[in-house]
Amino acid sequence: MTRTHNLGFPRIGARRELKFALEAYWQGRSSAAELNTQAALLRERHWAAQAAVDLVPVGDFSLYDQVLDMSFTLGHLPQRFQGFDGPELDNYFRVARGRSAPQVAGHGACCGVAAGEMTKWFDSNYHYIVPEFRAGQTFHLDASRLLQQLAEAQAQGRHAKPVLIGPLTYLALGKAKDGSERLDLLSPLLAVYAELLDTLAAHGARWVQIDEPLLATELDPGWAQAYRDAYAVLGTRRAQLLVATYFGPLRENLPLLAELPVQGVHLDAVNARDEVAPLLAALPGDRVLSLGVINGRNIWLTDLNATLDWLEPVARQLGERLWLAPSCSLLHVPVDLAQEQQLDAELRSWLAFALQKLDELALLARALREGRAAVQAELAANAAALAGRRASPRVHNPAVAQALARVDARLGQRPSPHAQRAATQAARLQLPAFPTTTIGSFPQTAEIRQARSRFKAGEVTAAAYDDAMRREIAHCVKAQETLGLDVLVHGEAERNDMVEYFGEQLVGYAFSQFGWVQSYGSRCVKPPLLFGDISRPRPITVAWSRHAQSLTERPMKGMLTGPVTMLNWSFVRDDQPRAITCRQLALALREEVLDLERAGLPIIQIDEAALREGLPLRRAQWGDYLDWAVACFRLMAGGVADATQIHTHMCYSEFSDILPAIAAMDADVITIETSRSDMALLDAFRSFRYPNQIGPGVYDIHSPNIPSQADIVTLMKRAAERVPAERLWVNPDCGLKTRQWAEVTPALQRMVAAARQLRAEL
Ligand code: GLN
Ligand code: ZN
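A brief report on the enclosed structure follows.

What counts, and at which threshold
- Residues numbered from 1 in each chain as written.
- Chains lettered and ligands numbered in written order.
- Predicted model: local features only at pLDDT ≥ 70, side-chain atom pairs only at ≥ 80, totals over all residues.
- Heavy atoms only, no water.
- 1 Å grid on protein atoms, 1.4 Å probe; cavity = no way out; pocket = protein on both sides within 12 Å on 5 of 7 lines; lining within 4 Å.
- Points joined across faces, edges and corners; volume = space filled by probe spheres on them.
- Helix = DSSP H or I, 4+ residues; strand = E, 2+ residues; numbered from the N terminus.
- Nonpolar A, V, L, I, M, F, W, Y, C, P; charged D, E, K, R; others polar.
- Donors = N, O, S within 2.8 Å, 3.2 Å for Na, K, Ca; no water.
- Tetrahedral: all angles 85-135°; square planar, octahedral: opposite > 155°, others 65-115°.
- Buried < 20%, exposed > 50% of the residue type's maximum accessible area, 1.4 Å probe, protein only.
- Near = heavy atom within 4 Å.
- Polar contact = N/O pair within 3.5 Å; in protein donor to acceptor, adjacent residues only side chain to side chain.
- Areas by Shrake-Rupley, 256 points an atom, 1.4 Å probe, with all protein chains shown as cover.
- Pairing = 2+ DSSP bridges.
- Core = buried A, V, L, I, M, F, W, Y, C linked by side-chain atoms within 4.5 Å.
- Contact = heavy atoms within 4.5 Å.
- Lys, Arg positive; Asp, Glu negative; His and termini not counted.
- Salt bridge = Lys/Arg side-chain N within 4 Å of Asp/Glu carboxyl O.
- Phe/Tyr/Trp six-rings, centres within 6.5 Å; stacked < 30°, edge-to-face > 60°.
- Lys NZ or Arg CZ within 6 Å of the ring centre and 35° of its normal.

**Let's talk about the layout of surface pockets**
So, step 1. Of the pockets and cavities examined, the second largest pocket occupies roughly 550 Å³.
So, step 2. Residue lining of the second largest pocket: 18 residues in total, with Y64, A96, R97, G98 and Y520 positioned closest to the centre.
So, step 3. Among the elements of the structure, α1 (17–26) and α4 (88–97) are those that each provide at least two residues to the lining of the second largest pocket.
So, step 4. Its residues assigned to classes, the lining of the second largest pocket shows 9 nonpolar, 4 polar and 5 charged.

What follows is the structure, encoded as structure tokens:
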């Protein structure tokens, strides 16, 4: 009989209960006991919600991050956090957030300590705390968290399966700050894992899930052998092991996974359907094969009939050995579609959030056990919903398809090369050397947010809201003139979020009310739902930008979000390739660029904050992604005349491996985040001979610290050693929306003064 299980459940809560409990604790409004009570309540609720699956995950719940949890379980904290004499919970949050919480005097809570670094979990938008390794370090087991959660689940009558991050994935996720070889730590690490497995088995865990998504990536030399060595040790412990891979196909690692001496393996059969047969053929006859048949990364209804078509023969062949699960942890999807009262019924019928995905799983298992006839009505309803989606004119707009068919590479080609455009633009813009600008947003003050929420609640009219935003824009323009900035922005007061704002005004997008997904810690995002062909019924930003330009003689930048970022920060449709969806976005937004140009905006910035985030897991596929991503950017930007200057902005600091693609975007100016890297990242731009203009961020907007003029001058001089001074701009790292005017004003004053000093020294 086919068994079902789940790899992980969203921990944040259907109403983000965990977020609010955490923030209350951090702000000193609640106690550790209250936080722990809320956490236990959520776990109980989540296990109850999973009651229909045969094995529920335990230890997937985390107060902050599952990788950080694993570090605590392995007794492995960065040195600077060791020897903390306060409560362990506070040390946990110190690693996560860089200081103790709550901020009470006593046990060393005062002193600043740098948080663990944070980075993206594989190709998802979830961020984990990076383990820090050094040569010769030791590990020691602390199983308390897992044992407590296991006991809770057992007390609630659940069949519990503890979830661990596997030793190789754990090592690969971390960084050796001293440059030492991480694999040298494998042997001491394995001793702790072995002890942990025995401990869990002794407490009644029959199965343990060990996550090794690293196996869906290209392994560095030595790592494949390390897998064999590691599982030769772990496979002999008392607990039965299910090694889980997900997020992509195994490819060259398939034989490796198949040969590991463990009791079961999990394959992401959504992303690697064609590996089911070869894995089955390679797997020894006594192994469990768990197939991830429900997509854990998107929000669409599963095609249950189509799944059964290929699954039934597999089930007949495997019998008891087949397990069914979602493709990966459900951490990456919102909790419950039933809460969504504002989505129309048709659209809702096409969607499934975590709870609905578990229903689908149960249905598939039942169809396998009892035959499709037993769930005939459900299967028919599923088929009807999918047929409705396939045929819906809301999804398919022939005009969009026709426009897309007419797209060719020439649309992405500016009339002249950058050097020539730069001369034309210089003559038009008359900017000094080291021109100063900002990335777009200015502080989103309480008044701005209040005005928007009152407008959305229907408490003020559209006209009144419009007026309020126009006043904000005027204030922002005036402030920039007073500061003496060279290229101004309107300040983005009218925008809630750089993706949602545009999505709201494009046809083909919808928005959930509670579709929150954890990004890191208590931070959640609510990705818009891109469900249909994209079109732009009317101009989006033109009136605001025209208003802003009318208020000043100085050049104003029109501010847009690029197609790749729109794509990567949304839940996008699964019925066509991402590249096509991206091209639709680019084509629609190209009209906005052309309208801004017609409205007289001499500069247009296209933000591509998330371009890097879309990189595929495997390097072999980077080229393909970058090709179409760059083509989409160029499609959006390429229609303007030479005299219109195109800027782009990216908020991260790793470019060396994608510089050819960045150069191929051919933006006249790129502004990037550099202040924390001391301009070292410009080395890559220098050795690549990046030809266009660059604005390397001169101060970190994530910190309330106000930079000094001297610091900015030093940074810019470092930049000028790497990029010719005549191609440099002076700007902050990113937008200023999260800061206060009291911070922004002095920071920009110093930035402008620094630029003047640099000009004088030229
Ligand atoms: N223009 C946007 C802003 O300033 C860019 C934000 C971003 O890149 N994350 O807020
Ligand atoms: Zn940014």
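Alright, that's what it looks like, and here's the rest.
**A look at the coordination of the zinc ion (ligand 2)**
So, step 1. Taken together, H649 (NE2), C651 (SG) and C734 (SG) make up the protein donors of the zinc ion (ligand 2), found 2.0 to 2.4 Å from the metal.
So, step 2. Taken together, the 4 donor atoms coordinating the zinc ion (ligand 2) and their angles of 77 to 122° define a geometry best described as irregular.
So, step 3. In the primary sequence, the donor residues of the zinc ion (ligand 2) line up as H-x1-C-x82-C.
So, step 4. With a relative accessible area of 2%, H649 lands in the buried category.

**Re the site of ligand 1**
So, step 1. Neighbouring ligand 1 are I439, G440, S441, E492, M498, D607, A609, H649, C651, C734 and G735.
So, step 2. The separation between an oxygen atom of ligand 1 and a polar side-chain atom of S441 is 2.7 Å.
So, step 3. Against a free-state accessible area of 300 Å², the protein chains account for coverage of 93% of ligand 1.
So, step 4. Looking at the shell around ligand 1 residue by residue, the class counts come to 5 nonpolar, 4 polar and 2 charged.

**Some points on the sheet that holds strand β6 (residues 160–165)**
Sheet strands pair via backbone hydrogen bonds, and the direction of the pair is either parallel or antiparallel.
So, step 1. An order of β1-β12-β11-β10-β9-β8-β6-β2 is seen for the 8 strands of this open sheet, with the pairing classed as parallel. On the outer flanks of this sheet lie β1 (3–4) and β2 (56–58), each paired with one strand and no other.
So, step 2. Bridging between β1 and strand β12 (residues 322–326) involves 2 bridges; their strand directions are parallel. By the bridge assignment for β12, T4 is matched with L324.

**Quick look at the nonpolar core**
So, step 1. In this structure, L611, F655, I662, F685 and L748 are the most contacted members of the largest nonpolar core, which totals 107 residues.
So, step 2. Not counting residues within four places of it along the chain, the set of residues in contact with L611 comprises V564, T565, N568, Y625, L626, A629, M650, Y652 and I662.
So, step 3. Counting residues in hydrophobic clusters, the runner-up holds 101 residues, among them A160, A244, L283 and L364.

**Remarks on the side chain of K357**
So, step 1. With respect to the element layout, K357 can be found in helix α13 (residues 354–370).
So, step 2. Buried and without a salt bridge, K357 has E360 as its closest oppositely charged side chain, separated by 5.3 Å.
So, step 3. If sequence neighbours within four positions are ignored, K357 has contacts with I294, N295, N298, I299, W300, L330, V333 and A352.

**What about the packing of aromatic side chains?**
So, step 1. According to the stated counting rule, one finds 20 aromatic pairs in the structure shown.
So, step 2. When the ring of W121 is compared with that of F122, the centres are 5.0 Å apart and the planes differ by 85°; the resulting orientation is edge-to-face. For the residue pair W121 and F122, the accessibility class agrees, reading buried in each case.
So, step 3. Plain terms: the ring middles of W350 and F531 are 6.4 Å apart, the flat faces sit at 50° to each other, and that makes the pair tilted. With W350 in the loop between α12 (345–348) and α13 and F531 in strand β16 (residues 529–535), the pair connects residues that are 181 residues apart, well separated along the chain. Both residues of the pair, W350 and F531, belong to the buried class.
So, step 4. One cation-aromatic arrangement involves R297 over F247; the distance from NZ or CZ to the ring centre is 4.6 Å.
So, step 5. Above the face of the W300 ring, R389 is positioned so that its terminal group lies 3.8 Å from the ring centre.

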